[in-house]
Amino acid sequence: MKRPLAVLTAALVALAVAACDSAAPEPSFVPPSAAAPSGGTPEPKPAEFTGWHDPANSGKPWGDKVQGLLTFRGNPTRSFYGTGPMPKEQPEQLWKFPKTGQMCRNSKDETGVRLWCGMGWTGQPAVFERDGRTWLVFGAYDGNVHFLDAETGERILPDFPTGDIIKGSVTVDPDGFPLLYTGSRDNFFRIIAMDRDKPKELFKLDAYAVKPTMWNNDWDSSAVVIDDYLFEGGENSQFHVLKLNRGYDGQGKVTVKPELVWHTPGWDAQLLKDAGHQTVSIENSVNVTGNTIYFANSAGLVQGWDISGLKEGKKPKRVLRFWTGDDTDGSIVSDEQGMLYVGSQYEKGNARSKAMGQMMKLDPSKPDDPVVWKVDDHAAKPAGIYSTVALHKDIVIYGTHLGELVGIDRMSGEVRWRYRLAGLGHGSPVIVDDVLIIGDCSRGYLHAFDVADTSAAPKPLWKIKPGLCIESTPAVWKGRIYVGTRAGQIHALGVR
């Protein structure tokens, strides 16, 4: 694929080129306290969290400045699923977009050129409140970012075109700046302004602006923005940190002046030796827990980097290195104690993948031996977990490539239940109001289950067929469900 010119300043490119070109380069550079019993001594308030993202906010909305589902799986720990009330009976289609035709585009990958339609992995739209309206924003396989009124499905802004398909989930600025962050298969990760008559590109980062790179130029990951810093992994196999320098100009229009302040390979020499291949792209979305960023890659290397000194100009320090043995594309999820839940695929079938299993709970405070428990799924090949797991009460729930929903006790790792779901896609389960929804890809149904009782297998509530294969992750906001399918449209489902 022809590489477009880098868009960073000469200084940034010089910084990137200075990175080592070897196969194993070094990195370049409070909740309210409970009320005291009557007449008792007031309990001391918990210490206020100081750092990047409080682990105690796992499962909660991403701050209070912008109401909505702002990034893939809602927050920096990838554990917020939206708001209800969820329909307990079969909803109806409220609208679809586009009303006629399809969102389709030809695109080339390692298998050749083919037609891509609709939305796929991860494909979760962002839905949020802005200017008295509920916005729905998403990238699709037609290569466009779409800006819709979530109530009606009508355009709020014209489409923003990129040069290729968009597979990942967009991120909306959590601090109220009218900014959108998204990648595309056309080499670029973009920052787009939403406060004009039409969306305007303010910045783009070329996948080849840093060196060395491996694999390709796609951007599937959904970024996280905290305290004016943006964290994003790429299929160029590098992880990037940008200082955004957000602001407004004299006309009140939003501005950014990004600086690439740090990047690091998603691999090291030991991984290339152990894995025996160079497919090391970062396709999952970064997790930020406490003062640490976590991500994994397509060879199964899980890394944690301490960013506590980033604002003072200190380089991040690697504090966790763990190898699952196989492709790990699902995003890492963390709970309120900072424990990590990692799902991995079973494609290579090597000894490490067999030993570590495909569902793992890791304790990052014990980097030399982080495995708390693991669950195997290697009865066939391929098998394992392609999507992102969901935390629900005292269990973790995930879907497998072989078509099972599985519920695991979060403390012990005991399998509570298994539920066979024919045609299960690679979308991630979403749970709101004790209702789990997930799509299947063979028949095109969106399924809903009652999971109030975590000790029992899910109870089917309803299913609806909005289109063809559903491999994207639905978004839920105020009880409405928004989901894209491979038939070429996105659908709004709910109760009128």
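Structure first, text after, so check above.
Quantities reported herein were computed from a predicted structural model and do not represent experimental measurements.

A. Expanded view of the sheet that holds strand S33 (residues 430-432). The 4 strands are arranged S33-S34-S35-S36 in an open sheet whose pairing can be described as antiparallel. In this open sheet, the two edge strands, each paired with only one partner strand, are S33 and strand S36 (459-464). Neighbour to neighbour, the strand axes of the sheet diverge by 25° on average, direction disregarded. With 5 bridges connecting them, strand S35 (residues 446-450) and S36 associate as antiparallel partners. Residue pairing in the sheet places Phe 449 in a bridge with Pro 460 of S36.

B. Molecular detail of the sheet that holds strand S9 (residues 171-172). Pairing is antiparallel in the open sheet, where 4 strands are placed in the order S9-S10-S11-S12. The sheet is open, and its two edges are formed by S9 and strand S12 (200-206), each paired on a single side. The pairing of strand S11 (residues 188-193) with S12 spans 6 bridges and is antiparallel. Bridge pairing in S12 places Ala 193 opposite Lys 200.

C. A look at the state of the cysteines. All chains considered together, the criterion is met by 2 disulfides. The partner cysteine of Cys 104 in its disulfide is Cys 117, sulfur to sulfur 2.0 Å. Here Cys 104 and Cys 117 share a disulfide; its torsion about the S-S bond, 115°, makes the bridge right-handed. Taken together, the positions of Cys 104 in strand S3 (residues 104-109) and Cys 117 in strand S4 (residues 112-117) put the pair 13 residues apart, joining distant regions of the chain. For Cys 441, the disulfide goes to Cys 469, at an S-S distance of 1.8 Å. The disulfide joining Cys 441 to Cys 469 has a torsion of about -90° about its S-S bond and is therefore left-handed. Of this pair, Cys 441 sits in the loop between strand S34 (435-439) and S35 while Cys 469 is found in the loop between S36 and strand S37 (475-477), placing the two residues 28 residues apart along the sequence. Numbered in order of appearance, the disulfide-bonded cysteines of the protein chain are paired 1-2, 3-4.

D. Structural context of the pattern of salt bridges. Counting across every chain of the model gives 30 salt bridges. Residue Lys 311 is joined to Asp 227 by a salt bridge in which the shortest nitrogen-to-oxygen separation is 2.6 Å. Taken together, the residues Lys 311 in the loop between strand S21 (301-306) and strand S22 (317-323) and Asp 227 in the loop between strand S13 (224-226) and strand S14 (229-233) connect sequence positions 84 residues apart. Judged by relative accessible area, Asp 227 falls into the partly exposed class, the value being 40%. Here the residues in one salt-bridge network are Lys 65, Asp 173, Asp 175, Asp 228, Lys 243 and Arg 246, joined through shared partners.

Calculation criteria
- Residues numbered from 1 in each chain as written.
- Predicted model: local features only at pLDDT ≥ 70, side-chain atom pairs only at ≥ 80, totals over all residues.
- Heavy atoms only, no water.
- Pairing = 2+ DSSP bridges.
- Helix = DSSP H or I, 4+ residues; strand = E, 2+ residues; numbered from the N terminus.
- Axes fitted to C-alpha atoms, helices over the stretch in contact; angles between N-to-C directions.
- Disulfide = S-S within 2.5 Å.
- Salt bridge = Lys/Arg side-chain N within 4 Å of Asp/Glu carboxyl O.
- Buried < 20%, exposed > 50% of the residue type's maximum accessible area, 1.4 Å probe, protein only.

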